[in-house]
Amino acid sequence: MSEPAGDAKLEVKQASKEVKESENVAEKYSAMTVSKNSEMNMGELSTVFSAVPTHKPVKKQIQFVEDKQEFSRFPTKTGRRSLSRSISQSSTDSYSSAASYTDSSDDETSPRDKTQVNTKGSSDFCVKNIKQAEFGRREIEIAEQDMSALISLRKRAQSEKPLAGAKIVGCTHITAQTAVLIETLVALGAQCRWTACNIYSTQNEVAAALSETGVAVFAWKGESEDDFWWCIDRCVNTEGWQPNMILDDGGDLTHWMYKKYPNVFKKIRGIVEESVTGVHRLYQLSKAGKLCVPAMNVNDSVTKQKFDNLYCCRESILDGLKRTTDVMFGGKQVVVCGYGEVGKGCCAALKALGAIVYVTEIDPICALQACMDGFRVVKLNEVIRQVDVIITCTGNKNVVTRDQLDRMKNGSIVCNMGHSNTEIDVASLRTPELTWERVRSQVDHVIWPDGKRVILLAEGRLLNLSCSTVPTFVLSITATTQALALIELYNAPEGRYKQDVYLLPKKMDEYVASLHLATFDAHLTELSDEQAKYLGLNKNGPFKPNYYRY
C-alpha cells in the first residue's frame, strides 16, 4: 500500500484551530485517494472531515405542524385509504424508474394487512409486494452505473468497515438511487432500517429488493397519513434493536423520535439531515436548547445546494409536469414562488421552453438575482387571475392559499417542488362544495361549483419524486456527501461535536466533487508553487474560504 504524501504547510491563517485541523487532515485524505492504487485508511477517517459549527442564521420560524399531527397519538388503521384506480390505465401498466408506476390500484389490499416473507425467512418489513424484488434489483443495478463515485467509495472503504456497529434508521425517498446509498452503508458495516419521507415517491419494486436483502423497509407508494407515521414507528420501535444514527430528509423521523422516544433520541450519536425543512427544525431545537445530539446540515453544503437543488430540479421539473399534464409551455404564464437554488433551476428550464415566468420572493437579494436573470418579480395576488401554472419552491407554509386558488382561472396547474407538503393549502380544498376527480395517477382535478377546474399534482407534495424521475448522477453527489457525513459523525472522538448543528468543511465538498469529475473526463489544472504562494492557498485545497458563495 502506497503511503500518502505528507501534509503541505497551510499558507492561509484559519479562523479557528478546529477548522485548521479539519482541513489539514482532509488534505491528507484527499491525497490518499488521488491514486487508483491507494487505499483508504478508514481508521483515520474520524479525524478527516471535522465539521465546523454554523452561525445560526436569522430565519423565519417554521412551526411544527402539531395542530395537524398529534405525535403523542399512535397511528391506527382508521382512516387509511388507498389511491383510486387511475383513469389513465397506461400510467399503471408498466414500471418506471423513480416514478414507480406500480400504483396501489394494482392491489387495493394494504401492505399492513398482508403477511409477507422474503427468501431468507424474514418478515421484518412491510412493502407492497415482495415478489417484485427481482425487478427492483435490476433498477438498482441500472442506478449503480451512473453512481460510480459512490460505488468507488464503497469499494475503497468496504474492507475496513468504518460503520461497523452503526445502527442507522433512515427516512428518505426510497428510489433506486437511495437504494445504492443504503446498500453502500450496509457494505461499510452498518445495520439499517428504512422508511419513506414522502407517501408518493417510493418505488415499490426497489423497496421489495431492499427487503429481500435483509434491510428492514417499511414503505410503499400511496401510503395514507396514518400509514406514514406507522412506518416511521415500526422502524424506530422494534425489540432488540436500538438506532444510534439518523439519516433524515425533512425532519419527520427526527421529530417523531424526539417526541415519542426521548430516551432513545438521547442515545443517538449523530443526525444527518439533507432538506431545508429538516434543517429549520434542527435549528429550532438547537435554539431552544433541546437538541441533545450533534447534527450535520447537508442541505447547505455546496454539493447539495448547487447540484441536487439547482441542476437536478432544472431537469426534473419539466419531466414531472410533462408526464402528468402533457402541457405545452411555450407562451404559458408561470409563477415560481421562491428563487433559491430550486427556484432558479425551475425558472431556467421553463424560460428555455418559451414560458413567461414570474417570480415571487421575500428576500431582496434573491429578488434582485431574479430581476438580473430576466424575470419579473411580483406578488402572487397581482397575477393570480392570469397565470397558467404555479410552482412553489419555498419550504414555507400557506404560500398558495384557498383565496388565491379560488381566483385562479379554469385549467390552471398547481404543484410543489419544495420538500414540505404545506406550501399549498390543500386541506382547504377538502370541503363539501368542491369535487375531487382523480384523472391520472398523482393528478387531481379540483372542481368548483361553477365548473372551474384547477389541476393539482401529487396532492401538493414534491412533484419530481412523486410523478417522474430524478437524474441519477446528481443524486450520486448528494448520496456520497451523506455517506461521508455519517462516517465522520460515527467515528468522531468524544467531544469533537457538541449538541449543535454543523456544516461540512469546504475540503469535503471539494473531495466529493473531484470524485465525480472522471465521469466527464475532466482534468483539473494544478497550481504551481509560485501561483499557490501568490494566492495564499495550499496546492491541494481548499481553494475557497468557508464564506465563499459559489
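How each quantity is defined
- Residues numbered from 1 in each chain as written.
- Predicted model: local features only at pLDDT ≥ 70, side-chain atom pairs only at ≥ 80, totals over all residues.
- Heavy atoms only, no water.
- UniProt positions renumbered as here; feature names shortened; annotations may be inferred.
- Salt bridge = Lys/Arg side-chain N within 4 Å of Asp/Glu carboxyl O.
- Helix = DSSP H or I, 4+ residues; strand = E, 2+ residues; numbered from the N terminus.
- Buried < 20%, exposed > 50% of the residue type's maximum accessible area, 1.4 Å probe, protein only.
- Phe/Tyr/Trp six-rings, centres within 6.5 Å; stacked < 30°, edge-to-face > 60°.
- Expected span 1.5 Å × (residues − 1).
- Pairing = 2+ DSSP bridges.
- Contact = heavy atoms within 4.5 Å.
- Axes fitted to C-alpha atoms, helices over the stretch in contact; angles between N-to-C directions.
- Core = buried A, V, L, I, M, F, W, Y, C linked by side-chain atoms within 4.5 Å.
- Parallel < 35°, antiparallel > 145°, perpendicular 65-115°, else oblique.
- Left-handed = near helix turned anticlockwise from the far one by under 90°.
- Right-handed = clockwise from strand over helix to strand, strands pointing away.
- Polar contact = N/O pair within 3.5 Å; in protein donor to acceptor, adjacent residues only side chain to side chain.

The protein chain is annotated in an unreviewed UniProt entry as Adenosylhomocysteinase like 1 of Amphiprion percula. Taken from UniProt, the Cofactor (unreviewed entry) comment for the protein chain reads in full: "NAD(+)". In its Sequence similarities (unreviewed entry) section, UniProt records this for the protein chain: "Belongs to the adenosylhomocysteinase family."

Participant: So what's going on with the pattern of salt bridges? Which residues, and what values?
Facilitator: Note that side chains of opposite charge can pair when their charged atoms are close. Applying the stated rule across the entire model yields 21 salt bridges. For R137, the salt bridge goes to E183, with nearest N and O atoms at 2.7 Å. Of this pair, R137 sits in helix 2 (residues 133-145) while E183 sits in helix 4 (residues 176-187), and the two are 46 residues apart along the sequence. Owing to a relative accessible area of 14%, E183 belongs among the buried residues under this scheme.

Participant: Describe the packing of aromatic side chains, with residues and values.
Facilitator: For the structure on display, the rule yields ten aromatic pairs. With a centroid separation of 5.4 Å and 20° between ring planes, the pair formed by W229 and W256 is classed as stacked. Separated by 27 residues along the polypeptide, W229 in helix 6 (residues 225-236) and W256 in helix 7 (residues 252-260) bring together distant segments of the chain. Using a relative accessible area of 6% as the deciding quantity, one classes W229 as buried. On the basis of relative accessibility, which here comes to 1%, the residue W256 falls in the buried class. Taking the centre distance of 4.8 Å and the plane angle of 85° together, the rings of Y548 and Y550 count as edge-to-face.

Participant: Account for the environment of D388, with residues named and values stated.
Facilitator: Along the polypeptide, D388 turns up in the loop between helix 13 (380-383) and strand 11 (389-392). Overall, the relative accessible area of 16% leaves D388 in the buried class. For the pair D388 and K332, spaced 56 residues apart in sequence, the C-alpha separation works out to 6.1 Å.

Participant: So what about helix 16 (residues 472-491)? Which residues, and what values?
Facilitator: Helix length check: helix 16, at 20 residues, gives a terminal C-alpha distance of 28 Å against a target of 28 Å (1.5 Å per residue), a fit within 8%. Counting buried positions over the 20 residues of helix 16 gives 19, a clear majority of the element.

Participant: Summarise the sheet that holds strand 8 (residues 333-337); cite the residues concerned and give the values.
Facilitator: Pairing within the open sheet is mixed, and its eight strands lie in the order 10-9-8-11-12-15-14-13. Only two strands of the sheet have a single partner each, and these edge strands are strand 10 (376-377) and strand 13 (435-440). Sheet topology places strand 12 (residues 412-416) next to strand 15 (residues 453-457); three bridges connect them, and they run parallel. For V414, the partnering residue across the bridge sits in strand 15 and is L456. In the packing of helix 10 (residues 302-325) onto the sheet, contacts are made with strand 11, strand 12, strand 13, strand 14 (443-447) and strand 15, and the angle to strand 15 comes to roughly 130°.

Participant: So what's going on with the nonpolar core? Which residues, and what values?
Facilitator: Ranked by internal contacts, the top residues of the largest apolar core, which has 58 residues, are L163, I168, I174, L185, W194 and V217. For this core, the secondary structure elements donating two or more residues are helix 2, helix 3 (148-157), helix 4, strand 3 (191-196), helix 5 (204-213), strand 5 (245-248), helix 16 and helix 17 (506-517). Here this core gets ten residues from one element, more than from any other, and that element is helix 16. Other than its neighbours up to four places away in sequence, I174 contacts W194, T195, A196, S201, T202, Q203, V206, A207, L210, V217 and A219.

Participant: Tell me about the packing of helix 6 against helix 7, and please be specific about residues and values.
Facilitator: Remark: helix 6 packs on helix 7, axes separated minimally by 10 Å, with the N-to-C direction vectors making an angle of 70°. As judged from the angle between their axes, helix 6 and helix 7 are roughly perpendicular. Our pair here, helix 6 against helix 7, has a crossing hand that is right-handed. Residues F228, W229, I232, D233 and V236 of helix 6 lie in contact with helix 7, whose contacting residues are D252, L253, W256, M257 and K260.

Participant: An account of the packing of helix 2 against helix 5 is requested, with residue identities and associated values reported.
Facilitator: Running from N to C, helix 2 and helix 5 point in directions that differ by 100°, and their axes come no closer than 7 Å. Relative to helix 5, the element helix 2 is oriented roughly perpendicular. Within the contact between the two elements, helix 2 uses A133, F135, G136, R137, E139 and I140 and helix 5 uses E205, V206, A208, A209, E212 and T213.

Participant: Describe the pairing of strand 12, with residues and values.
Facilitator: For strand 12, the buried fraction is high: five of the five residues fall into the buried class. Alternating residues of strand 12 divide into S412, V414 and N416 and I413 and C415, and every residue in both groups is buried. For the crossover that starts at strand 11, traverses helix 14 (residues 402-407) and ends in the parallel strand 12, the hand is right-handed.

Participant: Give me the lowdown on the environment of T360, citing residues and values where you can.
Facilitator: When you line up the elements, T360 lands in strand 9 (residues 356-360). By relative accessible area, which is 13% here, T360 ends up buried. With 23 residues separating them along the chain, T360 and C337 place their C-alpha atoms 4.8 Å apart. If near-sequence neighbours (up to four positions away) are discounted, T360 is found in contact with V335, V336, C337, G338, Y339, V378, K379 and L380.

Participant: Hey, could you go over the environment of T172 for me, with residue numbers and the actual values?
Facilitator: Relative to the helices and strands, T172 is located in strand 2 (residues 167-172). On the basis of relative accessible area, T172 is assigned to the buried category, the value being 3%. When neighbours within four sequence positions are excluded, T172 is seen to be in contact with T178, W194, T195, A196, C197, L247 and D249. A distance of 2.9 Å separates polar atoms of two side chains, one belonging to T172 and the other to W194.

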